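Observations on chain architecture
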Amino acid sequence: ESLNKAVKRTVQITLICMIIAGFLLNLVVIGIVGGLRKVNGKVYELVHNEGDLTQKLDVHSGDELELIAGNINQLLEYIRGIMVRIDENSGHVMDGAVQMVDNLNQAKEGIVDVSATMEQMSAGMEETTASLTHIKEAVDNIYKLEENMFAKMTGEQQKLYDAHVKRMMLMLNK
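Summary of the structure given here. As the structure is a prediction and not an experimental result, all values here were calculated from the model.

Describing the pattern of salt bridges
Pairs may arise between side chains of opposite charge once their charged atoms sit close together. Applying the stated rule across the entire model yields one salt bridge. Linking Lys-136 and Asp-140 is a salt bridge whose minimum nitrogen-to-oxygen distance equals 2.9 Å. Here Lys-136 pairs with Asp-140, and both are found in helix H2 (residues 64-152), just four residues apart, close to one helical turn. Classification of Asp-140 as partly exposed rests on a relative accessible area of 32%.

Considerations on a nonpolar patch on the surface
On the surface, a nonpolar cluster with roughly 500 Å² of combined accessible area is contributed by Leu-3, Val-7, Val-11, Leu-15 and Met-18. As for its placement among the helices and strands, Leu-15 is situated in helix H1 (residues 2-48). With a relative accessible area of 48%, Leu-15 lands in the partly exposed category.

Criteria and cut-off values
- One numbering rule holds for all chains: residues counted from 1, following each sequence as written.
- With the structure being a predicted model, the display of local features is reserved for residues of pLDDT at least 70 and the display and counting of side-chain atom pairs for 80 or more, all residues being used for whole-chain, interface and lining totals.
- Derived side-chain values reflect all non-hydrogen atoms in the structure, with water molecules and hydrogen atoms excluded from consideration.
- Salt bridge criterion: a side-chain nitrogen from Lys or Arg within 4 Å of a carboxyl oxygen from Asp or Glu.
- The helix and strand labels rest on DSSP assignments: H or I over at least four residues marks a helix, E over at least two residues marks a strand, and numbering proceeds from the N terminus.
- Accessible area is worked out with a 1.4 Å probe on protein chains only. A residue is then buried under 20% of its type maximum, exposed over 50%, and partly exposed in between.
- Patch building starts from residues that exceed 30% relative accessible area and form no salt bridge, then joins like charges within 9 Å and nonpolar side chains (Val, Leu, Ile, Met, Phe, Trp, Tyr) within 5 Å.
- Only the protein chains shown count as cover for residues, and all accessible areas are computed by the Shrake-Rupley method using a 1.4 Å probe.

By themselves, these are just geometric observations and shouldn't be taken as functional.
In structure tokens:
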């Protein structure tokens, strides 16, 4: 009978311990699952809030879930840093593109100016050619007149004319 009582008592204590252990285990599982759900909910919010990288997971459970949340926060901060650098670099690229467009516009203006100058030079050359043609015609006419006059001169007049032309040439060469 005392053995029966001891076995009963042991079974009762074992059942009570198992109930307490089950209750404690249930509390631990609820804590872990609750923490996982909280982390999962925060990750879901991050994904579905148009990529708002300023959010942070706020988990203070003192266990591995807090470590996971901390690592996710560090990952978010790293990605945020990358995005900031991309934004800065895209600003530099945009500035470079604007500068290139400005340079191209200036080059275009320069080309237009050079083209206008060349057109003016071409017109000037045409005018010069026309003037030179008139001068050549006038010189040819003078030369013909001179030949006619020289043919009509006597021998003495021709000698005086030649001496006069030589003096003129000497004066021009000085």
